[in-house]
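The chain contents come next:
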Amino acid sequence: MSMSVGGDAAEEKPITDINTTPLVDVMLVLLIIFLIAVPVVLQSVKLKLPNVRFDPTTTKPENVLLSVTGDGTNCNVYWGMSRVTSTELLNRGVEKLKAEIDRQGGVGNPALELPEAHIRGDVNAPYRCIGGAIYTMQRAGFAKVGFISEPPPGGNPRM
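Residues numbered from 1 in each chain as written. Predicted model: local features only at pLDDT ≥ 70, side-chain atom pairs only at ≥ 80, totals over all residues. Heavy atoms only, no water.

**Brief notes about the pairing of strand E1 (residues 64-70)**
Defined as follows: Residue exposure (1.4 Å probe, protein chains only): buried if accessible area is under 20% of the type maximum, exposed if over 50%, otherwise partly exposed. Numbering of helices and strands starts at the N terminus; helices are DSSP runs of H or I of at least 4 residues and strands are runs of E of at least 2. Any two strands are treated as partners once DSSP identifies two or more bridges connecting them.
Buried residues dominate E1, accounting for five of its seven residues. The pairing of E1 with strand E4 (residues 117-121) spans five bridges and is parallel. When the bridges of E4 are listed, Leu65 appears paired with His118. Two elements, E1 and strand E2 (residues 75-79), share five bridges in a ladder whose sense is antiparallel. In the sheet register, Val68 faces E2, and the bridge partner there is Val77. Linking two consecutive strands that pair antiparallel, namely E1 and E2, is a turn of four residues; a positive phi of about 110° is found at Gly72 within it.

Printed below as a string of structure tokens:
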């Protein structure tokens, strides 16, 4: 701040310089706030995310192919081409798994290969529909539940 003491009134001119001190003070305060706040907001658990890649699906006749659609209120699950309820899905899954184990010689067979469940989920289906199908197939005893997706167009299948 400046102050005029005495002097001729005719020589005094209005001060036209911008006082930047308050601007600098505000900017320094904001800088300190952001220097403290940003590390707090950006804290996360360190982990290594998996690389995305496309593996062609090898379809075996014993695998189960499920299709899931939904509109927000209703979930539709299809075993092959026939629509099933969650109870029917569980029962058919258990029956399929038992039949496949019996076909391969029982649980004691060291070369036992269990079938997989492959789920094709519509892009507009709510996750609860797809999650319900996953949960039901896991309850039925399927150890491997995978997703069928479409690779990006023109992209490298191995990334």
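Structure's up, so let's keep going.
**As for the nonpolar core**
Rules: Among the buried residues, those of types Ala, Val, Leu, Ile, Met, Phe, Trp, Tyr and Cys that are joined through side-chain atoms within 4.5 Å form a nonpolar core. Residues are treated as being in contact if the distance between any of their heavy atoms lies within 4.5 Å.
Judged by nonpolar contacts, the single largest core of 20 residues is most densely connected at Leu66, Val68, Trp79, Leu89, Ile119, Met137 and Phe142. Elements with a contribution of two residues or more to this core: E1, E2, helix H2 (86-103), E4 and helix H3 (127-140). Among the elements that take part in this core, H3 stands out by supplying six residues, more than any other. Excluding residues that lie within four positions of it along the chain, Leu66 makes contacts with Tyr78, Trp79, Leu89, His118, Ile119, Arg120 and Met137.

**Brief notes about the state of the cysteines**
Let me state the cut-off plainly: Here, the term disulfide refers to a pair of cysteine sulfur atoms separated by no more than 2.5 Å.
Under the definition given, this model contains one disulfide. Residue Cys75 pairs covalently with Cys129 via a disulfide, S to S 1.9 Å. On the S-S bond that ties Cys75 to Cys129, the torsion sits near -70°, and the link is left-handed. With Cys75 in strand E2 and Cys129 in helix H3, the pair connects residues that are 54 residues apart, well separated along the chain. The exposure class assigned to Cys75 is partly exposed, which follows from its relative accessible area of 28%.

**Examining the sheet that holds E4**
The test is simple: For helices, the axis comes from a line fit to the C-alpha atoms of the stretch in contact; other axes are also lines fit to C-alpha atoms, and the angle between any two N-to-C directions lies between 0 and 180 degrees.
Across the sheet, which stays open at both edges, the five strands sit in the order E3-E2-E1-E4-E5 with mixed pairing between neighbours. If you trace the sheet from one side to the other, it starts and ends with strand E3 (82-84) and strand E5 (145-147), each paired once. Each strand axis lies, on average, 35° off the axis of its neighbour in the sheet, ignoring direction. Across the sheet, H2 is in contact with E1, E2 and E3; its angle to E3 comes to roughly 110°. Strands E1, E2, E4 and E5 of the sheet are contacted by H3, whose axis makes an angle of about 150° with E1.

**Re the pattern of salt bridges**
As a reminder, the rule being used: What counts as a salt bridge is simple: a side-chain nitrogen of Lys or Arg found within 4 Å of a carboxyl oxygen of Asp or Glu.
This model, assessed by the stated rule, comprises three salt bridges. In this structure, the salt-bridge partner of Lys60 is Glu113, at a minimum N-O distance of 3.4 Å. Highlighted residues: Lys60 in the loop between helix H1 (21-41) and E1 and Glu113 in the loop between H2 and E4, separated in sequence by 53 residues. Between Glu100 and Arg103 there is a salt bridge; the shortest N-O distance is 2.4 Å. Note that Glu100 and Arg103 are positioned in helix H2 at a spacing of three residues, about one turn of the helix. With a relative accessible area of 7%, Glu100 lands in the buried category. Taking the relative accessible area as the measure of exposure, Arg103 reaches 57% and is therefore exposed.

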